[in-house]
Every structure is written in C-alpha cells, then in structure tokens.
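# Observations on the three-dimensional arrangement
In case you want the letters, here they are:
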Amino acid sequence: MEERDLKFLRLYSNFFNRSYLFDFINKKNNKIKNILLASADNTSIFNSYLSCSYLDIFEYTYSMLCAYYKCEYVYLNTFFINEILKNHDNNHTVLTELYVNDSQADLVVINGTTTVYEIKTELDTLFRLTKQLEDYTRTFDKVYVITNKFYLKQVRNVLKEKFGSVGIYLLDEKGQLKKIRESKSHKSKLDKEVMFNVLNRKEFEKIDEDYYKAKAKFLKMSIKSAHEFYKNALFNRAKDMNYIMNFPDSLKLAIYKIQNKLTQEGRRVLLEKIRTNIIEE
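First, a word on what this report is: a plain description of the structure on this page. Everything numeric here is computed off the predicted structure, so don't read it as measured data.

### Some thoughts on the overall build of the protein
Within the protein, the regular secondary structure consists of 14 helices and six strands. In summary, the protein has a C-alpha radius of gyration of 21 Å against a globular reference of 19 Å for 281 residues, a match within 12%. Of all 281 residues assigned to the protein, the portion counted as buried reaches 52%. Of the contacts made within the protein by residues no fewer than 6 positions apart, 65% connect residues no fewer than 24 positions apart. Counting only carbon and sulfur atoms, one obtains 47% of the accessible surface of the protein, whose full area is about 13900 Å². Here the protein carries 46 positive and 37 negative side-chain charges, and the mean point of each set is 4 Å from the other.

Following this line, the structure appears as structure tokens:
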C-alpha cells in the first residue's frame, strides 16, 4: 500500500454506508462510481480495477480496510459474520443502530435475552464510552465492548471503575475475534422507563393504545416481566437473513442494514447492478 493511497481509505470506507448504497441503487452516476473515477489518477488502488465489476470493487476495498484502516464497519461486519451468521438460527434477531437514551447501540442481538455490543476501534476515542455503558447497562441484560490491542488497557480501566460486569471482545491484528471477558447479567439494574422509550408505537400499543396508559402499565410490571416484553418486542423486528446470502462477506452487514428499506424492485436492482462493470454501466 503506497502512502498516497492511505488518505483515500477513509473516503472509500463510505462505500458501505447506507446513504452511499441507496445512491448506488438509485442513480447511474452514483457517489461510488464518481469517487472511483475521480480518484483513479491519484491513487494506485483502483487503476487495475476499473474494468472490473462493482462487486470486485467492494471486495477489494473491504480487503484494504481490513488491512490498513480498521473502521467501525470492519469490526461490526467481522463480528456479524463470525459470531452471528455462523451461529444463526430462527431464535436470533439482530438489530443495528438502535437508539437508547442518548446513545446509539452499534449491534443488538436478541437470542433468549438482550445483548448489546459497543465498538471502539483504533480510529475512535473513548470519550463517550462511560455514558454509553450507563445507557446500555440500564437497557440490556448483557453488555460487551469490542475493541483492539491499542485500546484494551484503557477500556479495562474504564470498566474497572464502574462497569466490572461488562464483557470484552478483542479484534486482533489478524482480524480474529477473541472473547476476553464474559458479560454478567444486568437484569437487576434495568430501567423500565428507558426500555419503554426504545419501543415503537406498534410495540407499546400491545399494552395499551394510549401512550401514557401503556407506559404506566409497563412501569408497574416487574423487572422480569418488563424485560420479557421488551425482549419479545425487539425480537419481532427480525430481518430476512436469506437475502444477504446472495452477497459476499464484505457486504453482509451493509446489505442487512438497508434491506428492510428496499422494495422488491430495489432488491432486484441491487443484485443485478452490483455485478455490472463500472465503465460499461
């Protein structure tokens, strides 16, 4: 990897963002194509790939990110493939970017209980970690931080002071995930009001059609009953796992995130377009 290429990796990491993917589906002259064509003369990364398909571009870009720019998507996608897809069955639901209080949970898994995973890459800071963990330990049974060798000691120090019950995963230099510490249960610390605020209208109306009455009834539940209702509500937000199996590992999580926003035609277009040649399109 040449030095001049490294500065482009942050830009190329956007290829896996939902806004870029929607633009890719809906426009011929999309952001991904324009960036590739504009940067071809300034970086050696894609000079030999412009005659290939978009699929080749995504695959190659992802391999470069894994090797030289481990952004949040690399962490999330690695975990999604190795810990979720390999062990997935109909008793699992996976949610991404779930808002909890003032925090946005990176990845939530419902599989008999509620588990949240917060990513801290070498490109992040730990500035908000304490606040995020305060929100998550009030809302989910199991809580994990996924981090790297560079931040492991600092993450341990943050957890030691107040969050000794939170688990840790490490993504090593080879891209392998290792569980460093198991999460303990946080059910006794759950905040019913925070959990209720995560529910959408369709979900809380199963308690009562009136928001305030539903909330009052939810707050009167035992912690065990409230968590069970909350868990089942999130579980029913399940997405179709079969569709993403049409895509390579590099795109699994990216497509999983957007698929519920795609029409049947949009799904067809994405499958077809991703295999077209960037120049011949």
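Here the narrative resumes.
### Looking at the environment of lysine 131
Along the polypeptide, lysine 131 turns up in helix α6 (residues 129–136). Note: C-alpha distance between lysine 131 and asparagine 101 (30 residues apart in sequence) is 9.9 Å. When residues no more than four places from it in sequence are discounted, the contact partners of lysine 131 are Asn101, Asp102 and Ser103.

### Details of the pairing of strand β4 (residues 142–147)
Of all six residues making up β4, five are buried, and the element is well covered by its neighbours. Note that strand β3 (residues 114–119) and β4 share five bridges and pair parallel. The partner of threonine 115 across the bridge, within β4, is lysine 142. Chirality of the crossover, the property in question, places the unit of β3, α6 and β4 among those that are right-handed. The handedness of the β4 to strand β5 (residues 167–171) crossover, carried by helix α7 (residues 149–162), is right-handed.

### Describing the packing of aromatic side chains
Evaluation of the coordinates by the stated rule reveals 23 aromatic pairs. Summarising the aromatic geometry, the rings of phenylalanine 218 and phenylalanine 229 are spaced 6.1 Å apart at their centres and angled 70 degrees between planes, so their arrangement reads as edge-to-face. You can see phenylalanine 218 sitting in helix α10 (residues 211–220) and its partner phenylalanine 229 sitting in helix α11 (residues 223–235), a full 11 residues away along the chain. The structure contains a cluster of three or more aromatic residues connected by ring pairs, namely Phe16, Phe24, Tyr54, Phe58, Tyr62 and Tyr73.

### Some details on the side chain of aspartate 172
Turning to its location among the elements, aspartate 172 is positioned in the loop between β5 and β6 (177–181). Within the structure, the side chain of aspartate 172 is placed 2.9 Å from the backbone nitrogen of lysine 174, a separation counted as a polar contact. What aspartate 172 contacts, discounting residues up to four positions off in sequence, is Lys70 and Lys178.

### Quick look at the layout of surface pockets
In this structure, the largest pocket spans a volume of roughly 570 Å³. Considering the residues around the largest pocket, the lining is formed by 24 residues, among which Glu72, Tyr73, Leu76, Asp106 and Asp124 are closest to the centre. Counting residues per element, the ones that place at least two in the lining of the largest pocket are α5 (72–84), β2 (103–110), β3 and α13 (252–258). Among the elements that line the lining of the largest pocket, the one with the most residues is α5, at three residues. Its residues assigned to classes, the lining of the largest pocket shows eight nonpolar, six polar and 10 charged. Quantified by volume, the second largest pocket comes out at close to 280 Å³.

### Considering the pairing of β5
Most of β5 sits inside the fold, with five of its five residues counted as buried. Of the two faces of β5, the one holding Gly167, Tyr169 and Leu171 and the one holding Ile168 and Leu170 are both buried throughout. Looking at chain direction, β4 and β5 are connected through four bridges and run parallel. In the sheet register, tyrosine 144 faces β5, and the bridge partner there is glycine 167.

### Side note on the packing of helix α4 (residues 54–68) against α5
Remark: α4 packs on α5, axes separated minimally by 9 Å, with the N-to-C direction vectors making an angle of 100 degrees. Relative to α5, α4 is oriented roughly perpendicular. Residue-level inspection shows Tyr62, Leu65 and Cys66 of α4 in contact with α5, the latter providing Tyr73, Val74, Asn77 and Thr78. A class-by-class count of the residues in the contact of α4 with α5 yields five nonpolar, two polar and no charged.

### Structural notes on α6
Considered for burial, the residues of α6 that qualify are Leu129, Gln132, Leu133, Asp135 and Tyr136. Down the axis of α6, the sector holding all buried residues measures 160 degrees, keeping them to one side. Tucked inside the fold, the buried residues of α6 contact β1 (93–100), β2, β3, β4 and α7.

### Side note on the sheet that holds β2
On the basis of which strands lie adjacent, the open sheet formed by six strands has the order β1-β2-β3-β4-β5-β6 and mixed pairing. In this open sheet, the two edge strands, each paired with only one partner strand, are β1 and β6. Neighbour-to-neighbour, the strand axes of the sheet open up by a mean angle of 30 degrees, direction not taken into account. Pairing between β2 and β3: four bridges, direction antiparallel. Across the sheet, residue isoleucine 110 finds its bridge partner in β3, namely threonine 114. Packing against the sheet, α6 makes contact with β1, β2, β3 and β4, and its axis sits at approximately 45 degrees to β2. Contacting β1, β2 and β3, α11 runs over the sheet at an angle of about 110 degrees to β1.

Analysis parameters
The residue numbers shown here count from 1 along each chain, following its written sequence. Per-residue local features are limited, in this predicted model, to residues with pLDDT of at least 70; the limit for side-chain atom pairs, both in listing and counting, is 80 or more; totals at the level of whole chains, interfaces and linings are taken over all residues. Side-chain numbers come from the whole structure's heavy atoms, not from hydrogens or water. To qualify as a helix, a DSSP run of H or I must reach at least 4 residues; to qualify as a strand, a run of E must reach at least 2; elements of each kind are numbered from the N terminus. Each radius of gyration is computed over the set of C-alpha atoms, and the globule rule expresses the reference value as 2.2 Å times the number of residues to the power 0.38. Only protein chains enter the accessibility calculation, which uses a 1.4 Å probe; a residue is then buried when its area is under 20% of its type maximum, exposed when over 50%, and partly exposed in between. Whether two residues touch is decided by their heavy atoms; if any such pair falls within 4.5 Å, the residues are in contact. Areas reported here follow the Shrake-Rupley algorithm with a probe of radius 1.4 Å; residue values treat only the protein chains shown as occluding. We count Lys and Arg on the positive side and Asp and Glu on the negative side, and we leave His and both chain ends out. Positions of charges follow a simple convention, taking NZ of Lys, CZ of Arg, CG of Asp or CD of Glu. We call two strands paired when DSSP finds no fewer than two bridges between them. By convention a crossover is right-handed if, when the strands point away from the viewer, the path from the first strand over the helix to the second runs clockwise. Pairing of aromatic rings covers Phe, Tyr and the six-membered ring of Trp, with a centre-to-centre limit of 6.5 Å; geometry is then stacked below 30 degrees between planes, edge-to-face above 60, and tilted otherwise. Each polar contact in these results corresponds to two N or O atoms within 3.5 Å; when the atoms are within protein, one needs to be able to donate a hydrogen and the other to accept it, and residues that are neighboring in sequence are counted only if both atoms are side-chain atoms. Think of a 1 Å grid over just the protein atoms. A cavity is a set of points where a 1.4 Å probe fits yet cannot get out, a pocket is an open set with protein on both sides within 12 Å along at least five of seven lines, and lining residues have an atom within 4 Å of a point. Grid points are joined across faces, edges and corners, and a volume is the space filled by probe spheres set on the points. In this classification, Asp, Glu, Lys and Arg are treated as charged, Ala, Val, Leu, Ile, Met, Phe, Trp, Tyr, Cys and Pro as nonpolar, and every other residue, Gly included, as polar. Each axis is a line fitted through C-alpha atoms, and for a helix only the stretch in contact is used; angles between axes span 0 to 180 degrees, taken between their N-to-C directions. Here is the rule for angles: anything less than 35 degrees is roughly parallel, anything more than 145 is roughly antiparallel, 65 through 115 is roughly perpendicular, and the remaining ranges are oblique. The arc refers to the directions leading from the helix axis to the C-beta atoms.

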